[in-house]
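Here is how the chains run, residue by residue.
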Protein chains: 2
Amino acid sequence: MLKGELDSQGLFLGIDGGGSKCKAILVDKHNNVLGTGISGPGNPLHGFEQATNSIEESAKLALTDAGIDVSLLEKISAGVGLAGVNLPVLFEQMNNWQHPFKDMYLATDLLIACLGAHGGEDGAVMITGTGSCGFVYVDGQSHIVGAHGFPHGDKGSGAWIGLQAAKQVLLSLDGLVESTILTQSLLSHLDAKDAIEMVEAIAAKPAAFYAKMAGLVFEAANKHDAIAQAIIEEGADYISRVARKLLAKNPPRISLIGGLTPLLTPWLDQDIQDKLTTPEFPPEMGSVIFGRQQAV
Amino acid sequence: MLKGELDSQGLFLGIDGGGSKCKAILVDKHNNVLGTGISGPGNPLHGFEQATNSIEESAKLALTDAGIDVSLLEKISAGVGLAGVNLPVLFEQMNNWQHPFKDMYLATDLLIACLGAHGGEDGAVMITGTGSCGFVYVDGQSHIVGAHGFPHGDKGSGAWIGLQAAKQVLLSLDGLVESTILTQSLLSHLDAKDAIEMVEAIAAKPAAFYAKMAGLVFEAANKHDAIAQAIIEEGADYISRVARKLLAKNPPRISLIGGLTPLLTPWLDQDIQDKLTTPEFPPEMGSVIFGRQQAV
């Protein structure tokens, strides 16, 4: 492909660098997805080298997937959304990266998620996956609620739900709260027969480990397990309160996104559920939208 | 001092190897303390080498403090209480240590704390310092409640209180719960001016870091700060429930020990407060008592 052809196609890369994986899409001028690529962790909070490698790899995979030679990467601009670049030091470090793109437009993971969910228009998102947070973008102004991390923040997230469940199961094994189906469910999941083995299995584990237990807690809650229900209700109440905080900024739309969305939505306050809009695009398309806005 | 003199004095070492420091006492045949020594961490869970070095160093310091040449260490037996030696693998490793004593008698930190508190008689203890747990020893049978660690267990401990407070302060900075005097108190303690700086200060910190915030939470609670009171009440309720669980084993005495004792005691259920007995001796004397029992 010649440079002129490339330009006329209006190709653009959209990249979403997360803590566990980095996703890239290559789109044409109509934002049709021509190719996708997924690589390792792309979060500069956990290392510049790994993040930049993942970003470049995901982009090359997307080009290859689209049948475009990776040598043309330098002719294509990229919007890149990354956690951590709200911190000036990380923004600067990433922005000084000798990146392989034509141009690189850097944004926070929250902004690209929000722009993606609302097709580039103003709006708000609550994100609940391994972590949790709220973000609203109206009239060029953004506002964050939460996003403080684990175990001190991220209430209502998968990691928070998993940790709350582990705490309750340990209390139940000590006979200090009732034992419910959640007790056996978590012990089986952890391949532990008692509290000592359970503690061995969970000690010093990261958020992603706890988040893997969240599904079991929803399962138990849906079977009317009292302890699981109390955990989910507390987490959902927090997300509902985050939503109210975001709605106070009058966003035209609000969406719940992230891995827990289908499980958590039915537990939110009814008036919040009624206001939720289906997200239009994933975060990596938000990166494309952001990049194109900046490139103008 | 000649060996005969040493024997006639009935000298004995008592050692309490904890996660932050190792304490040793040298006692005469009447258990009068002749010398004390304090060294670094003595918990084999965090490293065999460091633990054994600390144990030996604390013992030598105690001998020096008593005016006894450290070369006589090999003539003196020691009772040694250590966290973690309830795990068979650590017990065996510590027991195979080429220790510098005449004989070494190894027990868990919980057993020596309980034996110390009750002068070698049956009894129960709740321990609330950086961590928390309950232990009862009746008719040669012991039973543990809690002791699961941080952040998944150790409810009512200093670390738990500090973490709960940090969570609430972050919620208050997001405007999701009321802001109370605790908010400013914790921000000042952490030298942070907002949530971002606070998260930077607390992220990935160990239990001991959070435990340092517990004093501020009690201070706020005693000034009727609603959020601080709710945290302390929940923690105290847990310790009261642990006490009831231990009392079900009919121990003749029950004590609250550990760094939080004076702060937490007034918050326990009144009937539990009424049952508390003042501990007779510290854990290192429990090690002496245990060692002498075993040496018979």
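Everything that follows concerns the structure shown earlier in this document.
Quick notes on the rules
Residues numbered from 1 in each chain as written. Chains lettered and ligands numbered in written order. Predicted model: local features only at pLDDT ≥ 70, side-chain atom pairs only at ≥ 80, totals over all residues. Heavy atoms only, no water. Helix = DSSP H or I, 4+ residues; strand = E, 2+ residues; numbered from the N terminus. Rg over C-alpha atoms; globule rule 2.2 N^0.38 Å. Buried < 20%, exposed > 50% of the residue type's maximum accessible area, 1.4 Å probe, protein only. Contact = heavy atoms within 4.5 Å. Phe/Tyr/Trp six-rings, centres within 6.5 Å; stacked < 30°, edge-to-face > 60°. Lys NZ or Arg CZ within 6 Å of the ring centre and 35° of its normal. Pairing = 2+ DSSP bridges. Least-squares fit on C-alpha atoms with pLDDT ≥ 70 in both. Salt bridge = Lys/Arg side-chain N within 4 Å of Asp/Glu carboxyl O. Axes fitted to C-alpha atoms, helices over the stretch in contact; angles between N-to-C directions. Parallel < 35°, antiparallel > 145°, perpendicular 65-115°, else oblique. Left-handed = near helix turned anticlockwise from the far one by under 90°. Nonpolar A, V, L, I, M, F, W, Y, C, P; charged D, E, K, R; others polar.

Draft legend 1. Expanded view of the overall build of chain A. A tally of regular secondary structure across chain A gives 13 helices and 9 strands. Taken against the 2.2 N^0.38 rule, which gives 19 Å for 296 residues, the C-alpha radius of gyration of chain A at 21 Å falls within 12% of a compact globule. Overall size of chain A, expressed as C-alpha extent along the three principal axes, is 70 × 40 × 35 Å. For chain A, the residues scored as buried account for 53% of the 296 residues in total.

Draft legend 2. Spotlight on helix H9 (residues 214-222) of chain A. Residue and element names in this part refer to chain A. For H9, the complete set of buried residues consists of Ala214, Leu216, Val217, Phe218, Ala220 and Ala221. Looking at the buried residues of H9, the elements they touch are helix H5 (158-173), helix H6 (181-190), helix H8 (207-211), helix H10 (226-247) and helix H11 (261-264). At the exit of H9 stands His224, carrying a positive phi of roughly 65°.

Draft legend 3. View of the packing of aromatic side chains. Summed over all chains, the structure comprises 8 aromatic pairs over all chains. Between Phe209(B) and Tyr210(B), the aromatic rings sit 5.9 Å apart at their centres with planes inclined by 90°, giving edge-to-face as the arrangement. Relative accessible area serves as the criterion here: at 2%, Tyr210(B) is assigned to the buried category. Taken together, Phe150(A), Phe209(A) and Tyr210(A) form an aromatic cluster joined through their ring pairs. Positioned over the ring face of Phe209(A) is Lys205(A), at 5.3 Å from the centre of the ring.

Draft legend 4. Examining the pairing of strand E2 (residues 22-27) of chain A more closely. All names here are of chain A. Along E2, 5 of the 6 residues are buried, which leaves the element largely enclosed by surrounding structure. Connecting strand E1 (residues 12-17) to the antiparallel partner E2 that follows it, the hairpin turn spans 4 residues. As judged from the 6 bridges shared by E2 and strand E3 (residues 33-39), these two strands associate in the antiparallel manner. Directly across from Val27, in E3, lies its bridge partner Val33.

Draft legend 5. Geometry of the relation of the copies chain A and chain B. Note on the identical chains: chain A maps onto chain B by a rotation of 180° and an axial translation of 0.0 Å, with an RMSD of 0.0 Å. Such a combination of turn and shift is consistent with a two-fold rotation axis. Among all C-alpha atoms of chain A, that of Pro151(A) lies closest to the rotation axis, at 3.8 Å. Most of the interface of chain A is mirrored in chain B, where 100% of its interface residues again form contacts.

Draft legend 6. Layout of the pattern of salt bridges. Tallied over the full model, the rule gives 14 salt bridges over all chains. A salt bridge links Glu234(B) to Lys155(B); the shortest N-O distance between them is 3.0 Å. In this pair, Glu234(B) is assigned in helix H10 (residues 226-247) and Lys155(B) in the loop between strand E8 (141-146) and helix H5 (158-173), connecting sequence segments 79 residues apart. Taking the shortest distance from any N to any O, the salt bridge between Arg253(B) and Glu280(B) comes out at 3.8 Å. Separated by 27 residues along the polypeptide, Arg253(B) in the loop between H10 and strand E9 (254-257) and Glu280(B) in the loop between helix H12 (270-275) and helix H13 (283-295) bring together distant segments of the chain. The partly exposed category is assigned to Arg253(B), whose relative accessible area is 21%. For Glu280(B), a relative accessible area of 43% corresponds to the partly exposed category. Through salt bridges with shared partners, a single ionic network connects Arg244(A), Asp269(A) and Asp271(A).

Draft legend 7. Spatial organisation of the packing of H5(B) against helix H6 (residues 181-190) of chain B. Residues and elements named next belong to chain B. In the contact formed by H5 and H6, the axes pass within 9 Å of each other and the chain directions differ by 110°. Comparing their axes, H6 and H5 come out roughly perpendicular. For the pair H5 and H6, contact is made by Ala165, Ala166, Val169, Ser172 and Leu173 and by Leu182, Thr183, Leu186 and Leu187, respectively.

Draft legend 8. A look at the sheet that holds strand E5 (residues 104-108) of chain A. All names here are of chain A. Read from one edge of the open sheet, 5 strands run E3-E2-E1-E4-E5, paired in mixed fashion. A strand with exactly one partner marks an edge of an open sheet, and here the two such strands are E3 and E5. Direction aside, neighbouring strands of the sheet carry axes that sit 15° apart on average. Strand direction decides the pairing type here: strand E4 (residues 78-82) and E5, joined by 5 bridges, are parallel. Following the sheet pairing, Gly81 is matched in E5 by Ala107. Across the sheet, helix H2 (residues 48-65) touches E1, E2, E3 and E4, and the angle it forms with E3 is around 145°. Contacts from helix H3 (residues 88-95) reach E4 and E5, with the element oriented near 160° to E5.

Draft legend 9. A look at the packing of H5(A) against H10(A). Residues and elements named next belong to chain A. Taken N-terminus to C-terminus, the directions of H5 and H10 make an angle of 145°; their axes are 10 Å apart at the nearest point. Viewed along their axes, H5 and H10 form a crossing whose handedness is right-handed. Contacts between H5 and H10 involve Trp160, Ile161, Gln164, Ala165 and Gln168 on the former and, on the latter, Ile227, Ile231, Ile232, Glu234 and Gly235. Across the contact of H5 with H10, the residue classes tally to 6 nonpolar, 3 polar and 1 charged.

Draft legend 10. Structural detail: the sheet that holds strand E2 (residues 22-27) of chain B. Residues and elements named next belong to chain B. Read from one edge of the open sheet, 5 strands run E3-E2-E1-E4-E5, paired in mixed fashion. The sheet terminates laterally at strand E3 (33-39) and strand E5 (104-108), the two strands that pair on one side only. For this sheet the average axis-to-axis angle between neighbouring strands, irrespective of direction, equals 15°. Note: strand E1 (residues 12-17) against strand E4 (residues 77-82), 6 bridges, orientation parallel. In the strand pairing of E4, Leu13 is matched with Ala78. Sheet contacts for helix H2 (residues 48-65): E1, E2, E3 and E4; angle to E3, the most-contacted strand, approximately 145°. Set on the sheet, helix H4 (residues 109-117) makes contact with E1, E4 and E5; between it and E5 the angle comes to about 95°.

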